[in-house]
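Reading the structure
Here is how the chains run, residue by residue.
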Amino acid sequence: MIAIEEIEQARDRIAGDAVRTPLVRLHVADAPCEIWCKLEPLQPVNSFKIRGAANCVRSADPAELRHGLVTVSAGNMAQGVAWIARELGLPATIAVPDSAPATKLAAIARLGGTVLKLPYADWWQAMMDGAVSGVDGFFVHPVSDPAVMAGNGTIGLEILEDLPDVDAVVIPCGGGGLTAGIASALRARRPQTRVYTVEPETAAALAAARAAGEPTEIDYRPSFVDGAGSRKVLAEMWPQVAPLIDDALVATLEETAAAVRLLAERVRVIAEGAGALAIAASLAGRAGSGKIVAVVSGGNLDFATLARILDGETPT
């Protein structure tokens, strides 16, 4: 659990980097609950990752940054690290899986980052090792760094300030750093709020871990929901996340595509697959009733994929 004092300090530290995103009601007549959207696609890099990246780098000793920044990311943390590197005049090297979407790769290049493509297995190994072989620089772990999680936790502070009586918060889960940060803030300030994670059915490692009582490798299948889910819960994240959540939910790809369409139609916001997961699970009733905040984590969706979804398809 991240100390609430660390999260409060992170909010002050990143005030010039991340924006305070709005909490907007999603009006759906037959919804099983009152859904509120925390709109992180409105961040400078179109995802929540700017929060953790900025807090981690700005809290580091400047001497550690002299060789630049390094991270492993499917796309959104890559942009967060590249953005803060550009702000500080530092080089940034980003190791990405070879399945990373073109939209996210283009954004990294636009921000001045250097892309290093790796096979998924090698990329995942770098994630577990917390280092990229042969690359020097200050490593920003996209998931398990405490400073990254504290930055993510600022979302929880904002939710409670805007909706003090929130009944549940639904958080898309990739590595678990977003969950650990937000849930730590909620447990410290409003422990009765239910906390749920949600993953795509093709990559529901946390749901499998909860069922087994420990991290277990699953049959991971890539999908358009590229920013959530994983092959296996990181060993160091399991004790961080497991005690903080009430359940680990799963959404189908069809439900997630429908949620992307709904956000575009009703809120006029583009959400990537991971960003739509919490909406999908909430609309399906899996988060229960009452006032539910769905964390829309990002909006970096390839336009070709978006067009197919808006046309009624569920991309495979």
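Parameters at a glance
Residues numbered from 1 in each chain as written. Predicted model: local features only at pLDDT ≥ 70, side-chain atom pairs only at ≥ 80, totals over all residues. Heavy atoms only, no water. Pairing = 2+ DSSP bridges. Helix = DSSP H or I, 4+ residues; strand = E, 2+ residues; numbered from the N terminus. Contact = heavy atoms within 4.5 Å. Axes fitted to C-alpha atoms, helices over the stretch in contact; angles between N-to-C directions. Core = buried A, V, L, I, M, F, W, Y, C linked by side-chain atoms within 4.5 Å. Buried < 20%, exposed > 50% of the residue type's maximum accessible area, 1.4 Å probe, protein only. Salt bridge = Lys/Arg side-chain N within 4 Å of Asp/Glu carboxyl O. Phe/Tyr/Trp six-rings, centres within 6.5 Å; stacked < 30°, edge-to-face > 60°.

Thoughts on the sheet that holds strand β4 (residues 92-97)
Think of a sheet as strands paired side by side through backbone hydrogen bonds, with each pair either parallel or antiparallel. Taken together, the four strands give an open sheet; going across it, the order is β5-β4-β3-β6, and neighbouring strands pair in parallel fashion. The sheet terminates laterally at β5 (114-118) and β6 (138-139), the two strands that pair on one side only. Here β4 pairs with β5 via five bridges, running parallel. Along β5, the bridge assignment pairs P97 with L118. In this fold helix α5 (residues 120-129) packs onto β3 (69-72), β4, β5 and β6, with an angle of close to 130° to the strand it touches most, β4.

Focus on the sheet that holds strand β9 (residues 247-251)
Across the sheet, which stays open at both edges, the six strands sit in the order β1-β2-β10-β7-β8-β9 with mixed pairing between neighbours. At either margin of the open sheet sits one strand with a lone partner, and together these are β1 (23-26) and β9. For this sheet, the mean angle separating the axes of adjacent strands, direction not counted, is 30°. Of the pairings in the sheet, the one linking strand β7 (residues 168-172) to strand β8 (residues 194-200) comprises five bridges and is parallel in character.

As for the nonpolar core
Most often, soluble globular proteins keep nonpolar side chains buried together rather than apart. Among the nonpolar cores identified, the biggest contains 53 residues, and V72, W123, V169, I182 and L206 are the most heavily contacted of them. Look past the residues within four positions of I182 in its chain and what remains in contact with it is N152, G153, I155, G156, V169, I171 and V295. Formed by 38 residues, the second largest nonpolar core is a distinct cluster that contains C33, A274, L277 and V296.

Quick notes on the pattern of salt bridges
As enumerated under the stated definition, the model contains 14 salt bridges in all. Its salt-bridge partner being R187, residue D246 comes within 3.0 Å of it at the nearest N-O pair. Residue D246 is found in the loop between α9 (238-241) and β9, and its partner R187 is found in helix α7 (residues 177-189); the two are separated by 59 residues along the sequence. Assessed through its relative accessible area of 18%, R187 is described here as buried. Where salt bridges share partners, they join R11, R20, E161 and D162 into one cluster.

Section: the packing of aromatic side chains
Using the criterion set out here, one finds four aromatic pairs in the structure. Aromatic pair Y120 and W123: ring centres 5.5 Å apart, planes at 45°, arrangement tilted. You can see Y120 and its partner W123 sitting in helix α5, three residues apart, about one turn around the helix. Just as Y120 is buried, W123 falls in that class too. Ring plane angle 5° and centroid distance 6.4 Å describe the contact between Y120 and W124, whose orientation is recorded as stacked. Of the two residues, Y120 and W124 are both situated in helix α5; the distance of four residues between them amounts to about one turn of the helix. A single burial state applies to Y120 and to W124, both of which are buried. Ring pairing ties together the aromatic residues Y120, W123, W124 and Y220, which thus form one cluster.

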